[in-house]
Amino acid sequence: MIASLEQLAATVRALKKKHRIAVAWAQDANTIGAISRAVGEGFVEAIMIGNPREITRITNEHGLKENQYTIINSENETDASFEAVRLAKSGAADIVMKGLVGTDIFLKAVMDKERGIMLPDAVLSYVGVIQIPAYNKLLFITDPAVIPFPDLGQKISMARYAIEMARKFGISRPKIALIGASEKVSHHFRSSIDYSEMVRMAEGGQFNDCIMDGPLDIFLACDRKSGEIKGVKTPVDGDADILLFPSLESSNPFYKGLMLFAGGELAGLIRGTLKPVIVMSRSESEKSKYYCIALASLLD
């Protein structure tokens, strides 16, 4: 089982397979630093799309030689995004990665009906895995990046994507906590109604082999003592592998708080696409971007 993000990277290195990654608007120091490490470790071939002069300047600073990557000139971030997606759609790239481009511009290219790489009838969603010193294992979260207020159908897809990713890490029966402000179902919180339906589906075997419960607050999801204190029994039992949030504006601040204040590191991907898609905040660390590349390589 993959128990840490460094073990994730080691697993990918051991595969001894090179993955071609197309980086949109690539002239970003943390992105190029992450690419440089992955190239040096032998599991990535890089295609940098953007301003050649800026890309060359930053790659030189990171010790990446010009014969170790390809540059494609692009006039702006929109064109760079569509070119990265085109390369993936044509089979010239295995992974698409966001560089210095805004997320909305980048995702517009990914989701374009004619030129994009969404799978037919798929829900586009984000699954991340966070390593937090204060938690006893890796923690998968969804969706901190794409769907503002997921409906029931979207939540079902989010759960399935997260389960699929957790299994790639060797977690055969993941525990999924459906996160809310309270453990009580209430008409004041629409998501809690959806959660009741999802738990019913899980009990009927519609999510394959997993343990699902909700609504649960973070304490009940991730702290065994809290269940005893509150007198609440849940099969998740304070040992969640996956946290599914009711909205982007709850999930996004949660994970960014862990990154900023709790020493967290993240690997994450867009799901529902033809090829793995890496979307990271422009302020994310070089290390987290490197782990995202490793994750995409594992799932490619």
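Analysis parameters
- Residues numbered from 1 in each chain as written.
- Predicted model: local features only at pLDDT ≥ 70, side-chain atom pairs only at ≥ 80, totals over all residues.
- Heavy atoms only, no water.
- Phe/Tyr/Trp six-rings, centres within 6.5 Å; stacked < 30°, edge-to-face > 60°.
- Buried < 20%, exposed > 50% of the residue type's maximum accessible area, 1.4 Å probe, protein only.
- Lys NZ or Arg CZ within 6 Å of the ring centre and 35° of its normal.
- Helix = DSSP H or I, 4+ residues; strand = E, 2+ residues; numbered from the N terminus.
- Polar contact = N/O pair within 3.5 Å; in protein donor to acceptor, adjacent residues only side chain to side chain.
- Contact = heavy atoms within 4.5 Å.

**Remarks on the packing of aromatic side chains**
Line of reasoning, step 1. The tally for this structure, following the rule as stated, stands at four aromatic pairs.
Line of reasoning, step 2. Taking 5.0 Å as the distance between ring centres and 45 degrees as the angle between the ring planes, the aromatic pair formed by Phe245 and Phe254 counts as tilted.
Line of reasoning, step 3. With relative accessibility at 3%, the residue Phe245 sits in the buried group.
Line of reasoning, step 4. Counting every residue linked through ring pairs, the aromatic cluster contains Phe43, Tyr290 and Tyr291.
Line of reasoning, step 5. Sitting above the plane of the Tyr290 ring, Arg37 keeps its charged end 3.7 Å from the centroid.
Line of reasoning, step 6. Cation over ring: Arg160 sits above Phe207, and NZ or CZ is 5.1 Å from the ring centre.

**Considering the side chain of Thr273**
Line of reasoning, step 1. Inspection of the secondary structure assignment puts Thr273 in the loop between strand E10 (265-271) and strand E11 (277-278).
Line of reasoning, step 2. Here Lys275 takes part through its backbone oxygen, which lies 2.6 Å from a polar atom of the side chain of Thr273.
Line of reasoning, step 3. Those residues in contact with Thr273, other than ones at most four positions away along the chain, are Val110, Ile117, Met118, Leu119 and Leu124.

**Some remarks on unusual backbone geometry**
Line of reasoning, step 1. The linkage connecting Thr142 with the following residue, Asp143, adopts the cis geometry, with an omega of 0 degrees.
Line of reasoning, step 2. Structurally, Asp143 can be placed in the loop between strand E6 (139-142) and helix H6 (152-168).
Line of reasoning, step 3. Of the consecutive residues Gly214 and Pro215, the connecting peptide bond is found in the cis state with omega at 5 degrees.
Line of reasoning, step 4. The phi torsion at Asn208 lies on the positive side, around 60 degrees, for a residue other than glycine.
Line of reasoning, step 5. Its place among the elements puts Asn208 in the loop between helix H7 (190-203) and strand E8 (211-216).
Line of reasoning, step 6. Overall, the relative accessible area of 58% leaves Asn208 in the exposed class.
Line of reasoning, step 7. Located in the positive-phi region is Asp237, a residue other than glycine, with phi close to 55 degrees.
Line of reasoning, step 8. Locating Asp237 in the fold gives a position in the loop between helix H9 (224-230) and strand E9 (242-244).

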